[in-house]
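Analysis of the macromolecular model
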Amino acid sequence: MPLPADARDESGHLIRELHGVTLVVILEYLLAAYGWPGLDERLRINCFAVNPSIKSSLVFLRRTPWARTKVEDLYVRARTAEVLGRPRP
């Protein structure tokens, strides 16, 4: 069984490397998986709690490296769990 850090997506790329995955794709995936309330609960970032929208969240995340890192980390953990058949974090 592969280790979580070695989990690969459908095209064979390591999930943790975010190869070819844009911030828009990441945000849309997380939004579909958790919704705005779920993202706010897991990450505690105001752009997910106060009048959330894809556009405003993208603007904030592109300008705020620490927030983008948190979002990317949740994406990697969620995709890894999905690929390995485990429950999402």
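Scroll up to find the structure this text is about.
Points about the pattern of salt bridges
All chains considered together, the criterion is met by 4 salt bridges. Note that Arg68 is salt-bridged to Glu72, the shortest N-O span being 2.8 Å. In this pair, Arg68 and Glu72 both sit in helix α3 (residues 65-83), 4 residues apart, roughly one turn of the helix. As a salt-bridge pair, Asp73 and Arg77 come within 3.1 Å of each other at their nearest N and O atoms. Here Arg77 and Asp73 lie together in helix α3, a separation of 4 residues that amounts to about one turn.

Notes on the packing of helix α1 (residues 23-43) against α3
One can describe the packing of α1 onto α3 by two numbers: an axis separation of 10 Å at closest approach and a directional angle of 100°. As summarised for this structure, α1 and α3 are arranged roughly perpendicular, according to the angle between their axes. Touching Leu23, Ile26, Tyr29, Leu30, Tyr34, Leu39, Arg42 and Leu43 of α1 are Arg68, Lys70, Val71, Glu72, Leu74, Tyr75, Ala78, Arg79 and Glu82, all from α3.

Points about unusual backbone geometry
Phi at Arg44 takes a positive value of approximately 50°, unusual for a residue other than glycine. Tracing the backbone through its elements, the reader meets Arg44 in the loop between α1 and α2 (54-63). Residue class for Arg44 comes out exposed when judged on its relative accessible area of 60%. With a phi angle near 45°, Asn51 is a residue other than glycine that sits in the positive phi range. Along the chain, the position of Asn51 falls in the loop between α1 and α2. In this structure Asn51 comes out as exposed when scored by relative accessible area, which is 69%.

Here we look at the nonpolar core
Leu30, Leu39, Phe48 and Val71 are the most contacted members of the largest nonpolar core, which has 23 residues in total. Elements with a minimum of two residues in this core: α1, α2 and α3. Per-element tally for this core: the top contributor is α1, with 9 residues. Each residue touching Val71, except ones within four places of it in the same chain, is listed here: Ile26, Leu30, Leu43, Ile45, Phe48 and Leu61.

Procedures and definitions
Residues numbered from 1 in each chain as written. Predicted model: local features only at pLDDT ≥ 70, side-chain atom pairs only at ≥ 80, totals over all residues. Heavy atoms only, no water. Salt bridge = Lys/Arg side-chain N within 4 Å of Asp/Glu carboxyl O. Helix = DSSP H or I, 4+ residues; strand = E, 2+ residues; numbered from the N terminus. Axes fitted to C-alpha atoms, helices over the stretch in contact; angles between N-to-C directions. Parallel < 35°, antiparallel > 145°, perpendicular 65-115°, else oblique. Contact = heavy atoms within 4.5 Å. Buried < 20%, exposed > 50% of the residue type's maximum accessible area, 1.4 Å probe, protein only. Core = buried A, V, L, I, M, F, W, Y, C linked by side-chain atoms within 4.5 Å.

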